[in-house]
Amino acid sequence: MALKKVFFIPLLLVYMLVSLACAYIVLPEGSESSAAGAQAANKGWAGIVTHVGETPAGDLRIDVTMRNDTGVWSTMRAVDGKPALLTGGDGKTTSCATVFVGTGGHRLAPGFQMRGYTSDQSGQPETQLLYVECAGAVAAPGSTLTIDYIRFDGDLDYYVEVEETNRVPGKLVLNLDEVVTDLTYPVAEPVDDLIRDSGTEMIALSDNVISLLDVQRTDAGFHFTWQNVNPSQFALKTHIGIPPVIGADGIIYGVYETLDMADVPLTPAQGSVTWDTEVAVPADGDTFYILLSVESKKPRTYVNYALEITGE
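For the structure given in this document, a descriptive report is provided here. Fair warning: this is a prediction, and the values are worked out from it, not measured in the lab.

Scanning the model with the defined rule gives six aromatic pairs in all. Ring geometry for phenylalanine 222 against phenylalanine 288: centres 5.1 Å apart, planes inclined by 80°, an arrangement best described as edge-to-face. With phenylalanine 222 in strand 17 (residues 221–230) and phenylalanine 288 in strand 21 (residues 288–295), this residue pair connects regions lying 66 residues apart in the sequence. For the pair phenylalanine 222 and phenylalanine 288, a shared accessibility class is recorded, and that class is buried. Ring centres of phenylalanine 224 and tryptophan 226 lie 6.0 Å apart, and the angle between their planes is 70°; on these two criteria the pair is classed as edge-to-face.

As structure tokens, this is what we get:
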């Protein structure tokens, strides 16, 4: 009997360790399908100088395009209250207090680039282009512009992001001698399986299914009709906010607001519901992508989709 006890205890310990280990198995990245498509290497955000000129007041102005090279959906903005830094070829520096560089709160798809967004800081929606101004400065040959920024990558988890515990710092160093004027928007680097057809069905909370039923071009922009199908045993709301769009001019149209602040109807148990959203866009242009965030996985967590509405 003593011999049995000697072997029994180690065997029991091995069994317990194996059992516990099985309870904490983590699936490797890529084992679940992703709305982002195939992920590329994360290189952060890239800044591209598209124009270097002078304001009517005689100050230096640098127009910028931002490209998402993170490999995932991401939002970014220049660090609040921190000036950009102009460094001349002789090493002398100038502080640049006017900095409008960011995505306006929106998440941009990987491989996409943009040059502006809709802002309502003035009390009414208007296009905010991305640029930096340096009072009294000139761009001598060899000058660079440095911008500190922060970004937030991947799915939007409101409870994490509101505390900014997932923010990633970055630094842009732009060579003002390298001005690019022939960019194509919004897709800079195609990503496999990223762009979806407008009729795609998207899984939301509790296996609800969100879909875009109809797209109408109006005098003001786009009118979207959405549907949510709820197979569960209880009524719920599935939030998508008011989805913005981006087109061939590189502007994100639609003012950002917290996604679950937009009004959305309650979907009855084992039922469906439809509702409408609108976004103002210019009359010209027929190639647009909806930058859609669907509440999924858990409340106030959002998965992102790029829906093509070209030719609608």
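Still more to cover.
With that settled, the discussion passes to the nonpolar core. In terms of nonpolar packing, the biggest core is built from 35 residues, with Val132, Cys134, Leu145 and Ile147 touching the most fellow members. Residue assignment for this core shows that the elements contributing at least two residues are strand 1 (45–54), strand 2 (60–68), strand 3 (74–78), strand 4 (84–87), strand 10 (131–134), strand 11 (144–153), strand 13 (168–175) and strand 21. Considering each element in turn, this core owes the most residues, four residues, to strand 2. With residues near it in sequence (within four places) discarded, isoleucine 147 still touches Ala78, Ala84, Val99, Val101, Val132, Gly170, Lys171, Leu172 and Leu174.

Our focus in this paragraph is the pairing of strand 1. When strand 1 meets strand 2, the two strands line up antiparallel, connected through nine bridges. In the strand pairing of strand 2, tryptophan 45 is matched with asparagine 68. Hairpin connection between strand 1 and strand 2: a loop of five residues separates the two successive antiparallel strands, and glycine 58 in this loop has a positive phi of roughly 90°.

Next up on the list: the side chain of threonine 267. Here threonine 267 shows up in the loop between strand 19 (251–253) and strand 20 (271–280). If we skip the residues at most four places from it in the chain, threonine 267 touches Asn228, Asn230, Ala235, Leu236, Ser272 and Val273.

In a disulfide, the sulfur atoms of two cysteines are held together by a covalent bond. Scanning the model with the defined rule gives one disulfide in all. Each sulfur in the disulfide pair cysteine 96 and cysteine 134 lies 2.0 Å from the other. Around the S-S axis, the bridge from cysteine 96 to cysteine 134 shows a dihedral of about 95° and counts as right-handed. Placement of the pair is cysteine 96 in strand 5 (residues 93–96) and cysteine 134 in strand 10, with a sequence separation of 38 residues. Here cysteine 96 matches cysteine 134 in class, with each residue buried.

Rules used in this analysis
Residues numbered from 1 in each chain as written. Predicted model: local features only at pLDDT ≥ 70, side-chain atom pairs only at ≥ 80, totals over all residues. Heavy atoms only, no water. Phe/Tyr/Trp six-rings, centres within 6.5 Å; stacked < 30°, edge-to-face > 60°. Helix = DSSP H or I, 4+ residues; strand = E, 2+ residues; numbered from the N terminus. Buried < 20%, exposed > 50% of the residue type's maximum accessible area, 1.4 Å probe, protein only. Core = buried A, V, L, I, M, F, W, Y, C linked by side-chain atoms within 4.5 Å. Contact = heavy atoms within 4.5 Å. Pairing = 2+ DSSP bridges. Disulfide = S-S within 2.5 Å.

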